[in-house]
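Report on the structure
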Amino acid sequence: MRTALCELLDIEQPIFQGGMAWVADASLASAVSNGGGLGIIAAMNANAEWLRNEIRRARALTQKPFGVNIMLMSPFADDVASVVADERVAVVTTGAGMPTKYMRAWLDAGVKVVPVVPSVAIARLVARSGACAVIAEGCESGGHVGELTTMTLVPQVCDAVDIPVIAAGGIADGRGVAAAFMLGAVGVQLGTRFLVARECTIHRNYKDKILEARDIDTATAGKRLGHPVRALRNAFMREFVRREYDASISNEELEAYGAGALRLAAREGDVKNGSVMAGQSSGLVKKEQPAAEIIREMMAEAEALLKGGGPLCG
Amino acid sequence: MVFDKVAQTLAEFKGIDAAGIAPETTFAQFELDSLDRVQLIMNLEETFGIQIDMESRIECVRDLVEIVEKQLSGGAA
């Protein structure tokens, strides 16, 4: 299925893979790009050297365009933002803040900027600053989340901006893709389903937790810190929530308790004491598959649903 | 007067009395999160028909008033 997004970014299918920290490396990003979508390397809290290496590794693995996600709260945000411009990465997505200070440099380098937006006002602001598309991400998603759901955020953002809108949050199969298109999106971004892509290098235990998850298994925590996170409920989450509600524990202590928890789960496989970040769509994710197969299957399903929509109207 | 209009916009946004807002009232006192902050600035842009640079240093109401006045007089924010 081709949409305006495919033309804009020179990709075959309008699917982004989310820039998930400790997950989205050159292996996963290149597999998604080779499968026709847009693979994305997460710069997370890594430094410039790590990102430059991953970009070069991805270039060795794919000839197709791929992107980099900049987490704007990273202590290395300035450095990794420069690497994106220097390396002339095809697309940069941003999260956890306003990318306005880097826009000029990226646009001058020919990098297409696609910020993740949690509200209409932020979507309008980045659109006028030169973003070529936006990712409207609802709180069904894993990791850092806003307040609005995908169902409510996507159409409101579509109404507010005249650039392509990519829907994210809660989408894990063709039904989600078709629904997102009905809301006005011309692309989708998926994180959770790609966690179990064969080329995803996270620990086996993390993948198994996603595959076993049920609809009710995720929760959010950390609202007190101003940036709530969605993850699977486990011993770590329960203890984090207990501390969050304990007024004798400072915000700094709470931050410190959460630090390193995602890496512990994703890289070392400690899915009890680590943070297994994942979206509400975990319950829809049933098998490990190559990224290209995920894309092919999902888009074929979406296309069939969109073509078959007529009978509903009698 | 720009201050009155800024104070009124702030008051409406927060659902508080404009009489309690002074030039030296800090932004921290309004307890705005990052989403509120952008929404508020967009509201001010609509009120005054201007564009405000999001990278502007805004710590108190006076900073905001100065930015708006500069924009209204044709200068860069």
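As shown above, the structure is provided for reference.
The structure presented is a predicted model; accordingly, all values stated were derived computationally and were not measured. (Residues numbered from 1 in each chain as written. Chains lettered and ligands numbered in written order. Predicted model: local features only at pLDDT ≥ 70, side-chain atom pairs only at ≥ 80, totals over all residues. Heavy atoms only, no water.)

**Regarding the overall build of chain B**
Rule in force here: Segments assigned H or I by DSSP are reported as helices when at least four residues long, segments assigned E as strands when at least two residues long, and all are numbered from the N terminus. We take the radius of gyration over the C-alpha atoms and set the globule estimate at 2.2 Å times the residue count to the 0.38 power. In this scheme, a residue with accessible area under 20% of its type's maximum is buried, one over 50% is exposed, and one in between is partly exposed, where area comes from a 1.4 Å probe on protein chains only. The contact criterion used throughout is that any non-hydrogen atoms of two residues lie within 4.5 Å. Only the protein chains shown count as covering a residue, and every accessible area follows the Shrake-Rupley method with a 1.4 Å probe. The convention is simple: Lys and Arg are positive, Asp and Glu are negative, and His and the chain ends are not counted. We put the charge of a Lys on NZ, of an Arg on CZ, of an Asp on CG and of a Glu on CD.
Along chain B, the regular secondary structure elements total three helices and zero strands. Secondary structure elements in chain B, listed N-terminal to C-terminal, are α-α-α. Over its C-alpha trace chain B gives a radius of gyration of 11 Å, about what one expects of a compact globule, namely 11 Å for 77 residues. Its C-alpha atoms put chain B at 30 × 25 × 20 Å along the principal axes. The proportion of buried residues among the 77 residues of chain B is 42%. Nonlocal contacts in chain B, meaning residues at least 24 apart in sequence, comprise 48% of its contacts between residues at least 6 apart. Approximately 4,200 Å² of chain B is accessible, and the part contributed by carbon and sulfur atoms is 46%. Counting 6 positive and 15 negative side-chain charges, chain B places the averaged centre of each group 4 Å from the other.

**As for the interface of chain A and chain B**
Here is the rule we go by: By convention, the term buried area covers the 1.4 Å-probe accessible surface removed from two parts as they join, with the contributions of both added. Definition used for salt bridges: Asp or Glu carboxyl oxygen within 4 Å of a side-chain nitrogen of Lys or Arg. Nitrogen and oxygen atoms within 3.5 Å of one another constitute a polar contact, given that in protein one can donate a hydrogen and the other can accept it, and given that sequence-neighbouring residues count only through two side-chain atoms. Polar here means any residue other than Ala, Val, Leu, Ile, Met, Phe, Trp, Tyr, Cys and Pro, which are nonpolar, and Asp, Glu, Lys and Arg, which are charged; Gly is therefore polar.
Contact residues are listed per partner, giving ten residues for chain A and ten residues for chain B. When chain A packs against chain B, close to 910 Å² is buried across both sides, 61% of that on carbon and sulfur atoms. Together, A:Ala121, A:Arg124 and A:Arg128 form the three largest contributors to the area buried by chain A at its contact with chain B, with a combined 50%. A salt bridge links B:Glu46 to A:Arg124, with the shortest nitrogen-to-oxygen separation between them at 3.0 Å. Taken together, chain A and chain B are joined by four residue pairs in polar contact (both at pLDDT 80 or more). For the side of chain A that touches chain B, the secondary-structure elements that each account for two or more residues are helix H5 (100–108) and helix H6 (120–128) of chain A. When residues of the side of chain A that touches chain B are assigned to their parent elements, the largest contribution, five residues, is made by H6(A). Counted by class, the side of chain A that touches chain B contains five nonpolar, two polar and three charged residues.

**Considering unusual backbone geometry**
Keep in mind that most residues, glycine aside, have a negative phi and that most peptide bonds are trans. Phi at A:Trp22 takes a positive value of approximately 65 degrees, unusual for a residue other than glycine. Among the structural elements, A:Trp22 can be located in the loop between strand E1 (15–17) and helix H2 (26–34). Note on A:Trp22: relative accessible area 34%, which makes it partly exposed. One non-glycine residue, B:Glu31, adopts positive backbone phi at about 50 degrees. Within the element layout of this structure, B:Glu31 appears in the loop between helix H1 (2–14) and helix H2 (34–48).

**Quick word on helix H8 (residues 174–182) of chain A**
Of all the positions in H8(A), only A:Gly174, A:Gly176, A:Val177, A:Ala178, A:Ala180 and A:Phe181 are classed as buried. Its buried side turned inward, H8(A) meets strand E8 (165–168), strand E9 (187–190) and helix H14 (291–307) of chain A.

**Observations concerning the layout of surface pockets**
Residue and element names in this part refer to chain A. For clarity, the threshold we go by: Both site types are read off a 1 Å grid over the protein atoms alone. A 1.4 Å probe that fits but cannot get out defines a cavity, while an open set with protein on both sides within 12 Å along at least five of seven lines defines a pocket; lining residues have an atom within 4 Å of a point. Grid points are joined across faces, edges and corners, and a volume is the space filled by probe spheres set on the points.
A volume near 160 Å³ is recorded for the second largest pocket. Lining the second largest pocket we find Glu140, Thr150, Met151, Gly169, Gly170, Ile171, Gly176, Ala179, Ala180 and Leu183. Where the lining of the second largest pocket is concerned, the elements lending two or more residues are helix H7 (150–160) and H8. If one sorts the elements of the lining of the second largest pocket by residue count, H8 sits on top with three residues. The residue makeup of the lining of the second largest pocket, split by class, is five nonpolar, four polar and one charged.

**Describing the sheet that holds strand E7 (residues 143–144) of chain A**
Residues and elements named next belong to chain A. Defined as follows: Should DSSP find at least two bridges between two strands, the strands are regarded as paired. Axes, fitted as lines to C-alpha atoms, cover a helix only where it is in contact. Angles between the N-to-C directions of the axes lie from 0 to 180 degrees.
Taken in spatial order, the three strands line up as E7-E11-E10 in an open sheet, and their pairing is antiparallel. Where the open sheet ends on each side, the last strands, each with one partner, are E7 and strand E10 (218–221). Relative to strand E11 (residues 229–232), E7 is paired through two bridges, and the arrangement is antiparallel. Among the inter-strand pairings, His144 is bridged to a residue of E11, identified as Val229. Packing of helix H11 (residues 235–244) onto the sheet brings it into contact with E10 and E11, and relative to E10 it is tilted by some 30 degrees.

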